[in-house]
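Listed below are the residues making up each chain.
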Amino acid sequence: DRGHMVRRENPVWGSLAVARRANADTFHYTNSCPQMGVVNQQVWLGLENYVLQNARHDRMRISVFTGPFFTPDDLEYRGARVPLSFW
């Protein structure tokens, strides 16, 4: 699966111009990463939803940093390594 590291909803805030730019900026290959489908579409999505819901509920502003952590044990698929770990 190819997943976005920052999903579209997260950076869309601020003035209308800034929010539109942030929305568009999530659609670049530099914001995507090969991922395991089940993890990306279920586990990671559930974690993102949990964080967002609680941040909204508690009126918090948070910063989330994500990225792949490549190791020699990662899976190879079509010439690309699929990371088994993220930070």
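What counts and what doesn't
- Residues numbered from 1 in each chain as written.
- Predicted model: local features only at pLDDT ≥ 70, side-chain atom pairs only at ≥ 80, totals over all residues.
- Heavy atoms only, no water.
- Patch = residues over 30% accessible without salt bridge, like charges linked within 9 Å, V, L, I, M, F, W, Y side chains within 5 Å.
- Areas by Shrake-Rupley, 256 points an atom, 1.4 Å probe, with all protein chains shown as cover.
- Salt bridge = Lys/Arg side-chain N within 4 Å of Asp/Glu carboxyl O.
- Helix = DSSP H or I, 4+ residues; strand = E, 2+ residues; numbered from the N terminus.
- Buried < 20%, exposed > 50% of the residue type's maximum accessible area, 1.4 Å probe, protein only.
- Expected span 1.5 Å × (residues − 1).
- Bend = angle between axes of the 7 residues up to and from the residue.
- Contact = heavy atoms within 4.5 Å.

Enquirer: An account of a nonpolar patch on the surface is requested, with residue identities and associated values reported.
Expert: A surface patch of nonpolar side chains, amounting to about 410 Å² of accessible area, comprises M36, V39, V43, L75 and L84. On the secondary structure map, L75 appears in strand β4 (residues 75-77).

Enquirer: Go over the pattern of salt bridges with me, naming the residues and quoting the values.
Expert: The final tally for this structure, using the stated rule, is four salt bridges. Across the salt bridge formed by R7 and E9, the nearest N and O atoms sit 3.4 Å from each other. Here E9 falls in the partly exposed class, since its relative accessible area comes to 38%. For R56, the salt bridge goes to E9, with nearest N and O atoms at 2.1 Å. A residue pair is termed long-range when its members are at least 10 positions apart, and R56 in helix α2 (residues 37-57) and E9 in the loop between β1 (2-4) and α1 (16-25) qualify at 47 residues.

Enquirer: Just give me the short version of α2, but keep the residues and values in it.
Expert: Look at α2: 29 Å from first C-alpha to last across 21 residues, which is about the 30 Å you get at 1.5 Å a residue. Of all the bends in α2, the largest measures some 30° and sits at L45. Residues of α2 that are buried: N40, E48, L52 and A55. Looking at the buried residues of α2, the elements they touch are β1. At the C-terminal side of α2, R59 shows a positive phi close to 55°.

Function cannot be inferred from these measures alone, as they are strictly geometric.
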